Structure formats: C-alpha cells, structure tokens
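Coordinate inspection notes
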Amino acid sequence: MKKVALITGITGQDGSYLAEYLLELGYRVHGIVRRLSVVENQTERIAHLDDNLVIHYGDLTDEHSLYRIIDEVQPDEVYNLAAMSQVRVSFDVPSFTVKTNSLGVLNILEAVRTRSPHSKFYQASSSEMFGNSVDDDGFQRLDTPMRPVSPYGSSKLMSYNLTCQYRGGYKLHACNGVLFNHESPRRGTNFVTNKVVKDAVSIKLGILDELKLGNLDAKRDWGHASDYVRAMHLITNHDEPKDWIVATGETRSVRDLCEYTFNSLDMNYMDYVVQCDKYFRQEEIDYLCGDSSEIRNILGWKPKYTFESMIDEMIHYWYDRLNHV
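Residues numbered from 1 in each chain as written. Predicted model: local features only at pLDDT ≥ 70, side-chain atom pairs only at ≥ 80, totals over all residues. Heavy atoms only, no water.

A look at empty space enclosed by the protein
- Overall, the coordinates contain one cavity of 30 Å³ or more when judged by the stated rule.
- If you add up the space inside the largest cavity, you get close to 30 Å³.
- Every residue lining the largest cavity is listed: N80, A82, A83, N101, V105, Q123 and K156.
- When grouped by side-chain class, the residues that make up the lining of the largest cavity number three nonpolar, three polar and one charged. (1 Å grid on protein atoms, 1.4 Å probe; cavity = no way out; pocket = protein on both sides within 12 Å on 5 of 7 lines; lining within 4 Å. Points joined across faces, edges and corners; volume = space filled by probe spheres on them. Nonpolar A, V, L, I, M, F, W, Y, C, P; charged D, E, K, R; others polar.)

Some thoughts on the pattern of salt bridges
- What the rule picks out here adds up to 19 salt bridges.
- E110 serves as the salt-bridge partner of R113, at 2.8 Å between the closest nitrogen and oxygen. Pair noted here: R113 and E110 are both in helix α5 (residues 94-115), with a separation of three residues, about one helical turn.
- Among the residues examined, E110 registers a relative accessible area of 18% and is labelled buried.
- A cluster of three or more residues bridged by salt bridges with shared partners is formed by D135, D137, R141 and D291. (Salt bridge = Lys/Arg side-chain N within 4 Å of Asp/Glu carboxyl O. Helix = DSSP H or I, 4+ residues; strand = E, 2+ residues; numbered from the N terminus. Buried < 20%, exposed > 50% of the residue type's maximum accessible area, 1.4 Å probe, protein only.)

Examining the environment of V197
- With respect to the secondary-structure elements, V197 resides in helix α7 (residues 192-204).
- Considered as a pair, V197 and H238 are 41 residues apart in the sequence and their alpha carbons are 36 Å apart.
- Apart from the residues lying within four places of it in its own chain, the contact partners of V197 are T261, I311, M314, I315 and W318. (Contact = heavy atoms within 4.5 Å.)

A few points about unusual backbone geometry
- Despite not being glycine, K171 shows a phi value in the positive range, around 60°.
- Mapping K171 onto the fold places it in the loop between α6 (151-170) and β6 (173-179).
- What makes K171 exposed here is its relative accessible area of 67%.
- Phi angles above zero are rare outside glycine, and D266 is one such case at about 60°.
- On the basis of relative accessibility, which here comes to 68%, the residue D266 falls in the exposed class.

A look at the sheet that holds strand β5 (residues 120-126)
- Overall, parallel pairing links the seven strands, which are arranged β3-β2-β1-β4-β5-β6-β11 in an open sheet. Strand pairing shows two members of the sheet lacking a second neighbour, β3 (53-57) and β11 (244-246), which therefore form its edges. Strand-to-strand, the axes of this sheet are offset by a mean angle of 20°, without reference to chain direction.
- Pairing analysis gives five bridges linking strand β2 (residues 28-33) to β3, with the strands arranged parallel. By the bridge assignment, H30 is partnered in β3 with V54.
- Against the sheet, helix α1 (residues 13-24) touches β1 (4-8), β2, β3 and β4 (77-80), its axis set at about 175° to β1.
- With respect to the sheet, α6 is in contact with β5 and β6, its orientation differing from that of β6 by roughly 150°. (Pairing = 2+ DSSP bridges. Axes fitted to C-alpha atoms, helices over the stretch in contact; angles between N-to-C directions.)

What about the layout of surface pockets?
- Taken as a whole, the second largest pocket spans an internal volume of roughly 170 Å³.
- Around the second largest pocket, the lining residues are Y17, E20, Y21, E24, S226, D227, V229, R230, K304 and Y305.
- Residue assignment for the lining of the second largest pocket shows that the elements contributing at least two residues are α1 and α8 (225-237).
- Of the residues that constitute the lining of the second largest pocket, the class distribution is four nonpolar, one polar and five charged.

Considerations on the packing of aromatic side chains
- All chains considered together, the criterion is met by eight aromatic pairs.
- Aromatic pair Y317 and W318: ring centres 5.0 Å apart, planes at 80°, arrangement edge-to-face.
- Note on W318: relative accessible area 5%, which makes it buried.
- Feature note: the residues W222, Y260 and F307 constitute an aromatic cluster, connected by ring pairs.
- Between the NZ or CZ atom of R115 and the centre of the ring of Y67, over which it lies, the distance is 4.5 Å. (Phe/Tyr/Trp six-rings, centres within 6.5 Å; stacked < 30°, edge-to-face > 60°. Lys NZ or Arg CZ within 6 Å of the ring centre and 35° of its normal.)

Notes on the side chain of R220
- Residue placement: R220 occurs in strand β9 (residues 219-220).
- We classify R220 as buried; its relative accessible area is 6%.
- A polar side-chain atom of R220 sits 3.0 Å from a polar atom in the side chain of E284.
- A polar contact of 2.9 Å, which involves the side chain of R220, links it to the backbone oxygen of I285.
- Each residue touching R220, except ones within four places of it in the same chain, is listed here: E128, N181, E250, T251, R252, R281, E284, I285, D286, Y287 and L288. (Polar contact = N/O pair within 3.5 Å; in protein donor to acceptor, adjacent residues only side chain to side chain.)

What to know about a nonpolar patch on the surface
- Together, V89, V93 and F96 make up an exposed nonpolar region whose accessible area comes to about 210 Å².
- Locating F96 in the fold gives a position in helix α5.
- Judged by its relative accessible area of 43%, F96 falls in the partly exposed class. (Patch = residues over 30% accessible without salt bridge, like charges linked within 9 Å, V, L, I, M, F, W, Y side chains within 5 Å. Areas by Shrake-Rupley, 256 points an atom, 1.4 Å probe, with all protein chains shown as cover.)

With respect to the nonpolar core
- Counting residues in hydrophobic clusters, the biggest one holds 30 residues, and the most contacted among them are I7 and Y79.
- Here the element with the most residues in this core is α8; it accounts for six residues.
- Beyond its immediate chain neighbours, meaning those up to four positions away, I7 contacts G15, L18, A19, L22, V29, H30, G31, I32, Y79 and L81.
- Core analysis: the second largest hydrophobic core is formed by 25 residues, V196, W222, I315 and W318 among them. (Core = buried A, V, L, I, M, F, W, Y, C linked by side-chain atoms within 4.5 Å.)

Here it is, written out as structure tokens:
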C-alpha cells in the first residue's frame, strides 16, 4: 500500500521538488494550497505534476481547514513547508509573518496531535534562527545559541521550539530540519541568488543595464533545493524523531555569487552592480555556515550539486527562458 504524504507549501520551491521526489518513491502526495485570484502563477512549479497530486485548499492560519484536511487524508507523513519566507519583507509585515510561521505551525501541530497522531511531522526550520551567533570554528550547530535578528528568524525559532515541545510533551514523531540557504531555478526572483542570475542574464541579453543589490558582503551557505528535500525525507523517516542541520559546510558572499555569475557570462559584475539602500535589512546576518556532519554520518546524506553546478543550472534556465521572450 502506498504511503501518503501531505505537503503544505507545495507550490513553493521546496514543495515542488519534494512532491516530485516523493512521487518517484511511490508515495500518494497531497498538497495544501492557499486560494489566490491568479492561480496560473501560483501553481506554475507543480503544473507538470498536476495529474499525480491531490490538492486541497486551506491555510495555516485557518485551523479548521487543517483539521478538515488532516481528517480526510490521514497522512503517514506531514511536511510543513508553508511560510512567509522572505526575510527582508518580514520587517514590513511582522504580524503576518508571526501569525503564519509561528501560530500556523501551532495550528498544524494541534491538527496532527488531535486528528492523526500517528503521522510523522517535519517542520522546515531555518538557519536564520542563529542570527549572528557562530561557534569559534566558524560553524553553526544545534547547540549554537539561536539569536535571530529578523521577524522571520524569530517566527521560525518559535515554530522550532513548538515542534520540540510537541515531540517531548505529546510523543509525536516531530522533527526539525534546520536548513541553510538552498536555491534552484524555481527560487523566487525576490531572493538574491535567482535575482542575481536572472538579472545578469537579462543584462547579457540587453534587457537590463544594471543590477540593484543590498549588502554584497553577506556570506551564506548555499545548496540546491533538490538535495535538501532528500534530506527532509531522510529526517522524517529516521527511527528517532530529532532535529538536524542540513548545509553544505561552505560559505560564499553575495559578491562571490555576482563574480561567478557574471564571469560565466563573460562580463565583469563591477560594471553593472549598483548598491541600493532599499535592499539592505534593518539588521543583517553577516555569516552563515552549517555543520551537517551528523546527517551525513548517520543518515548518509550528501549534496549532489556544488555551488558552481547549481549556479550554472540557474544560468542555463534563465538564458533559455529569456532568450525566447
């Protein structure tokens, strides 16, 4: 009998890759989608999977919709990937961010606890929870102090702690995956990686003449989303419910990202990149680099993509797409 998975945020980058992966493994995949007026844009990432998915309309902030869906689906595994996920924008909409990312997680944990306590639960946690805390050797780990510096990071820390509490207090099989930055051609273009790549390709094709960015010296640990959804599945299906760091263990700056991308297109980023105040955060995280040795050693996970091969794929995607506009 096929396993049944329920994915919140299935129309997002991670949700679409996870749905693909679980279908390949033989799962029956259900997804929760918020109703929007322009459905075509919302479901673009999963349009090619449409016939193989069961879609339910609901929302993390509407607990009654979650109870209804959990009652109906009775999933073996629940992957909570839905969130207000843009860190910079979370400063503009802090209340919405907390309601969705914190209270929303409480709602779905309660739905699982009361309607389907046998379900294994995965919570998408974030490296943004660390803020500027870093161990002396330059890595972040689960015991590194978590001191977020944004409404997004703060909301994710609450949901992380709620997941731990429901695991300990109610004996749910509930896990956190603390994922460091992960990208792909499906990443929203309001995130710096895909913005840099898309705009660099647009400049190469004569569509744009400059790229506006904020802090070029922020350093991040960047991996590929398709690698990270494999980690989500391993985490959820491990015998012991616990929390894990998922990261490449390598860090690069936004400046490094620009340099590699523009060089790949035979351009010099310094000729086109302009810093703009509107893209700076109120408080910046300077450096993120995760120690993923535990998930590598115990669960056997390792990324297939390098930073370079990931950016190359994104360049090829945008070049093919924009060159035919």
